[in-house]
Amino acid sequence: LSYLLGLWNVRKYEILSHDGTELDPKVVDKVEKYIEENVVGRNFFSIHIKNLEQDITRNISYVDTIKIEKNVPNSLTLFLKQYSAELVGLTKGNKCYLLSSSGVVLEELCKESTEENCCIEYSTESKKYILKVLDMDIVVEGGEKGRLLVMDDIKKIVKMVKLFEIEIQNITIEKNVVTVLDADNRKMIFSVGENINTQLESFYLVMAKIKRDNINFDSVDVRFERPVMKVR
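As the structure is a computational prediction, the values presented were derived from the model and not from experiment.

1. Quick notes on a nonpolar patch on the surface
Here is step 1 of the chain: There is a patch of nonpolar side chains on the surface, built from Leu163, Tyr204 and Leu205 and spanning about 330 Å² of accessible area.
Here is step 2 of the chain: Relative to the assigned elements, Tyr204 resides in helix α5 (residues 196–213).
Here is step 3 of the chain: Assessed through its relative accessible area of 40%, Tyr204 is described here as partly exposed.

What follows is the structure in structure tokens.
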């Protein structure tokens, strides 16, 4: 009788942050829409949690991970970890994307235009730095989200640069050479073709000296055994 009356059909759900922080309303709306269209009304026992978690993660770009708990007789609780939009990526063919810090594609931007200026304008208006990698493209593997693979090294570089309270304006990668340009038009140069950890160690030592001695520098290049610094 309970089956006939629909007692076991999912009717309620709650979406919570995995760590108690505030969720982006846009992300919550996307998850709610997915649940309403694909889960609400289904029999409680027909829902396979692992499959549902995988489907939501695959289909909603902003979802990093999600854990779902079933509550008898007809409700779900979703614990959500979301990606945050960190930067704008300009890739091969002047394609423009909104990316997470790890390079996961959250949205494709400027779909109506292939002009570089469209991507640059979005970067300026959203106050997010732009990463230009005109000889690379987004990679999609095994049904996973699209991702810019070079971000593994870029993420380390960005973390180190921000450690010295430097505001990044844009990053350019060309022939494995990474050029970080800050708001004062100062350049910090690395190579993704060499050991990035060794370069970051050199960068830390040079920047510590610059900060300690209050040096007004124009560029720091750590691609070589002996870092090169140009003073303004």
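2. Quick look at the sheet that holds strand β2 (residues 63–71)
Here is step 1 of the chain: One open sheet accounts for three strands, arranged β1-β3-β2; its pairing is mixed. Each end of this open sheet is capped by a strand with a single partner; those strands are β1 (12–17) and β2. Across the sheet, the mean angle from the axis of one strand to that of its neighbour is 20°, orientation sign disregarded.
Here is step 2 of the chain: By the bridge criterion, six bridges tie β1 to strand β3 (residues 75–82) in an arrangement that is parallel. Across the sheet, the residue bridging to Leu16 is Phe79, located in β3.

3. Thoughts on the pattern of salt bridges
Here is step 1 of the chain: Counted under the stated rule, the structure contains 13 salt bridges.
Here is step 2 of the chain: As a salt-bridge pair, Lys162 and Glu86 come within 3.1 Å of each other at their nearest N and O atoms. With Lys162 in helix α4 (residues 151–163) and Glu86 in the loop between β3 and β4 (87–91), this pair connects stretches of sequence that are 76 residues apart.
Here is step 3 of the chain: For the salt bridge of Asp213 with Arg212, the shortest nitrogen-to-oxygen distance reads 3.8 Å.
Here is step 4 of the chain: Classification of Asp213 by relative accessible area gives partly exposed; the value is 38%.

4. A closer look at the sheet that holds strand β9 (residues 177–182)
Here is step 1 of the chain: With respect to topology, nine strands assemble into an open sheet ordered β6-β5-β4-β7-β8-β9-β10-β11-β12, the strand pairing being mixed. Only two strands of the sheet have a single partner each, and these edge strands are β6 (105–109) and β12 (228–231). Here the strands of the sheet are splayed against their neighbours by 15° on average, with no regard to which way each runs.
Here is step 2 of the chain: Sitting on the sheet, α5 touches β10 (187–191), β11 (217–221) and β12, and the angle it makes with β10 is about 160°.

5. Here we look at the state of the cysteines
Here is step 1 of the chain: All told, the structure shown has two disulfides when counted by the stated rule.
Here is step 2 of the chain: Two residues share a disulfide in this structure: Cys96 and Cys119, whose sulfurs sit 2.0 Å from each other. The sign of the 80° torsion about the S-S bond sets the Cys96-Cys119 disulfide as right-handed. Taken as a pair, Cys96 in strand β5 (residues 95–99) and Cys119 in helix α3 (residues 116–126) lie far apart in primary sequence, 23 residues in all. A single burial state applies to Cys96 and to Cys119, both of which are buried.
Here is step 3 of the chain: Here Cys110 is linked by a disulfide to Cys118, with a sulfur-sulfur distance of 2.1 Å. With the S-S bond torsion at -95°, the cross-link from Cys110 to Cys118 turns out left-handed.

Procedures and definitions
- Residues numbered from 1 in each chain as written.
- Predicted model: local features only at pLDDT ≥ 70, side-chain atom pairs only at ≥ 80, totals over all residues.
- Heavy atoms only, no water.
- Patch = residues over 30% accessible without salt bridge, like charges linked within 9 Å, V, L, I, M, F, W, Y side chains within 5 Å.
- Areas by Shrake-Rupley, 256 points an atom, 1.4 Å probe, with all protein chains shown as cover.
- Salt bridge = Lys/Arg side-chain N within 4 Å of Asp/Glu carboxyl O.
- Helix = DSSP H or I, 4+ residues; strand = E, 2+ residues; numbered from the N terminus.
- Buried < 20%, exposed > 50% of the residue type's maximum accessible area, 1.4 Å probe, protein only.
- Pairing = 2+ DSSP bridges.
- Axes fitted to C-alpha atoms, helices over the stretch in contact; angles between N-to-C directions.
- Contact = heavy atoms within 4.5 Å.
- Disulfide = S-S within 2.5 Å.

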